[in-house]
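Each chain, letter by letter, is given below.
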Amino acid sequence: MREAEVFENSRARLEAIAYRLLGSASDAEDAVQDTFVRWHAADREYVDTPEAWLTKVLTNICLNQLTSARARREDYVGQWLPEPIVAGDRMLGPAETAEQRESVSFAMLTLMERLSAKERVVYVLREAFGYSHSEIAEMLDLTEANSYQIYRRAKQHVTSDRTRTEVDEATARKVVEEFLAAALSGDTDSLVRLLTDDAISAGDGGGVVTSLPHPVTGALRVARFLRRLFEPTEHKWAMIGGRADLFAAVVNGGPALVIAVGDRIVGIITLEVTTDGIAAVHTQANPEKLERAARHWTAGDRPEPLFAGW
C-alpha cells in the first residue's frame, strides 16, 4: 500500500484523537497535517506498525500545541470555549461506548481544560480510544506505572457529580424545542424550571462578537440572561447580519440550537442535559470556530427551522 493510502486510512482516527486533545477542529486539522508531513519524510524501513507510529507522532505534536495554547489563551479576549462539531462529522470519532461519547461532549471538553497537557493526552488515549497503559507509556516515553498514575489523577479532576442524559436526535429536538419556547416566551420562570439550581451559561465571541467576559451562574441569573439574549431587537439583527432561522441539532453528541442567517451559521448554543435539568448553556459565536460546523451544516440535509425570521 502506498504511503499516502496508509496515512489516509488513519486520518479519521487521528483527527478524532487530535480534536479531543485540543478542543479545536482547526488546530486538530493542523496537527494531523503536520503528522502527514513527518510521515512523508520518515524512513519507513524503521516503522514496524504505521498506526502506532502515526499516533505517537500526533500525540507529541498535540502535547506541544497544548502547551503553547495555554499561553495563547492568556491573551484570548473573553471566555474560551471548544469548537462545536455537528453530528455526522468524522472528527467526532468512535461513539460505540459511553466513555467515547462522553469524551467528545461539550461538557467534558470544557472540563478537560483543567488538566495538564500530559494528563489530557493520557486520559483521552485511555478513556476514549482504549489504549493500554503500556502503549501510552511507549508513546509518551513514560513508565507504565506513571501512565496509570497520570490517568487516575486526570480522572479525578474531570469527574462530575452531574449525571448526563444521553440523547438521540428525536430527544435532542424535543429538548431544544422546549428550551426555545421558554427562551422566546419572555417568561423567566419558564426558563428557571428547565435549569438546574447551579446552572451555568458561558459564551465565546473571540473578541469578534460581543459576549460576556465571565460565566453567568445560578438558575435565575442564567434565565434572566437568556431572556435578554432572545429578545428580538434591531441591534441584534444588525450585529448578526439579518434575521435568523433557529434550528434544532445534535452537536458534540448533545442537543443544540443552531442560529443561521441564510447559509451562514452565526452561533451554536449547546445544552448540557442532566437528570436534574439543563446544567450548562454554552454559546459559541466566534466566527473562526464555526467554520467546520458551517461546512458540514450546509453540505447536509438541514431540517426545517423551529423558528424562522427571528
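As the structure is a prediction and not an experimental result, all values here were calculated from the model. (Residues numbered from 1 in each chain as written. Predicted model: local features only at pLDDT ≥ 70, side-chain atom pairs only at ≥ 80, totals over all residues. Heavy atoms only, no water.)

Topic: the packing of helix H1 (residues 3–22) against helix H2 (residues 25–41)
Next, step 1: Between H1 and H2, whose axes approach to 8 Å, the crossing angle comes to 145°. For the element pair H1 and H2, the recorded crossing hand is right-handed. Contacts between H1 and H2 involve Glu3, Val6, Phe7, Arg11, Leu14, Glu15, Ala18, Tyr19 and Leu22 on the former and, on the latter, Ala25, Asp27, Ala28, Ala31, Val32, Gln33, Thr35, Phe36, Trp39 and His40.
Next, step 2: Considering only residue class, the contact of H1 with H2 consists of 12 nonpolar, three polar and four charged. (Axes fitted to C-alpha atoms, helices over the stretch in contact; angles between N-to-C directions. Helix = DSSP H or I, 4+ residues; strand = E, 2+ residues; numbered from the N terminus. Left-handed = near helix turned anticlockwise from the far one by under 90°. Contact = heavy atoms within 4.5 Å. Nonpolar A, V, L, I, M, F, W, Y, C, P; charged D, E, K, R; others polar.)

Here's the deal with the domain arrangement of the protein chain
Next, step 1: The domains assigned to the protein chain are domain 1 (3–158) and domain 2 (169–299).
Next, step 2: Computed over C-alpha atoms, the centres of domain 1 and domain 2 are 28 Å apart.
Next, step 3: Residue-level contacts link 26 residues of domain 1 with 26 residues of domain 2.
Next, step 4: Counting the surface lost from both domain 1 and domain 2, the interface buries some 2000 Å², and carbon and sulfur atoms represent 53% of this.
Next, step 5: Arg295 serves as the salt-bridge partner of Glu29, at 3.3 Å between the closest nitrogen and oxygen.
Next, step 6: Taken together, the connections running from domain 1 to domain 2 amount to 17 residue pairs in polar contact (both at pLDDT 80 or more).
Next, step 7: Residue assignment for the side of domain 1 that touches domain 2 shows that the elements contributing at least two residues are H1, H2 and helix H5 (106–111).
Next, step 8: Ranked by residues supplied to the side of domain 1 that touches domain 2, first place goes to H5 with four residues.
Next, step 9: For the side of domain 1 that touches domain 2, the class distribution of residues is 17 nonpolar, four polar and five charged. (Domains from an automatic or database assignment. Buried area = accessible area lost by both parts, 1.4 Å probe. Salt bridge = Lys/Arg side-chain N within 4 Å of Asp/Glu carboxyl O. Polar contact = N/O pair within 3.5 Å; in protein donor to acceptor, adjacent residues only side chain to side chain.)

Description of the UniProt feature "domain: RNA polymerase sigma factor 70 region 4 type" (unreviewed entry) in the protein chain
Next, step 1: Within this structure's numbering, the places UniProt gives as "domain: RNA polymerase sigma factor 70 region 4 type" (unreviewed entry) are residues 107–157.
Next, step 2: Spanning residues 107–157, this segment combines 75% helix with 0% strand, and its end C-alpha atoms are found 13 Å apart. (UniProt positions renumbered as here; feature names shortened; annotations may be inferred.)

Quick word on the packing of aromatic side chains
Next, step 1: Counting across every chain of the model gives six aromatic pairs.
Next, step 2: Aromatic side chains Phe230 and Trp310 sit 5.9 Å apart centroid to centroid with 50° between the ring planes, which places their arrangement in the tilted category. On the criterion of sequence distance, the pair formed by Phe230 in the loop between helix H11 (219–229) and helix H12 (234–240) and Trp310 in the segment after helix H13 (291–299) is long-range, its members being 80 residues apart. Taken individually, Phe230 and Trp310 each receive the classification buried, so the pair is uniform in this respect.
Next, step 3: Each residue in the set Phe179, Phe230 and Trp310 is aromatic and connected to the rest through ring pairs, giving one cluster. (Phe/Tyr/Trp six-rings, centres within 6.5 Å; stacked < 30°, edge-to-face > 60°. Buried < 20%, exposed > 50% of the residue type's maximum accessible area, 1.4 Å probe, protein only.)

A look at the sheet that holds strand S5 (residues 264–274)
Next, step 1: Strand order across the open sheet formed by six strands is S2-S1-S6-S5-S4-S3, with mixed pairing between neighbours. The sheet terminates laterally at strand S2 (216–217) and strand S3 (245–251), the two strands that pair on one side only.
Next, step 2: As defined by bridge partners, strand S4 (residues 254–261) adjoins S5 across six bridges and the pair is classed as antiparallel. Paired with Leu257 across the two strands is Ile269, which belongs to S5.
Next, step 3: Together, S3, S4 and S5 form the strand contacts of H13, whose direction differs from that of S5 by roughly 95°. (Pairing = 2+ DSSP bridges.)

Observations regarding the confidence of the model for the protein chain
Next, step 1: A residue-level look at the protein chain finds 98% of positions with pLDDT of 70 or above and a mean pLDDT of 91.
Next, step 2: Mean pLDDT across the elements of the protein chain bottoms out in H12 (74) and peaks in helix H10 (residues 188–194) (97). (pLDDT = per-residue confidence, 0-100.)

Focus: unusual backbone geometry
Next, step 1: Positive phi, close to 60°, is recorded for Asp141, a residue that is not glycine.
Next, step 2: For Asp141, the location among the structural elements is in the loop between helix H7 (133–140) and helix H8 (144–158).
Next, step 3: Residues other than glycine seldom take positive phi values, yet Asn252 does so here, at roughly 50°.
Next, step 4: As for its position among the elements, Asn252 is in the loop between S3 and S4.

Quick look at the environment of Ile268
Next, step 1: You can see Ile268 is positioned in strand S5.
Next, step 2: Between the alpha carbons of Ile268 and Asn146 there is a distance of 39 Å; along the sequence they are 122 residues apart.
Next, step 3: Excluding residues that lie within four positions of it along the chain, Ile268 makes contacts with Pro84, Val251, Ala256, Leu257, Val258, His282, Thr283, Gln284, Leu290 and Ala293.

Topic: the pairing of S3
Next, step 1: Extensive coverage of S3 is indicated by the burial of six of its seven residues.
Next, step 2: Of the pairings in the sheet, the one linking S3 to S4 comprises seven bridges and is antiparallel in character. Counted as the bridge partner of Val251 is Gly254 from S4.
Next, step 3: Between S3 and S4, which pair antiparallel and follow one another directly, the connecting turn spans two residues, one of which, Asn252, has a positive phi of 50°.

Describing H13
Next, step 1: Listing the buried residues of H13 in full gives Arg292, Ala293, Ala294 and Trp297.
Next, step 2: In this structure, the buried side of H13 is in contact with H1, H2, S3, S4 and S5.

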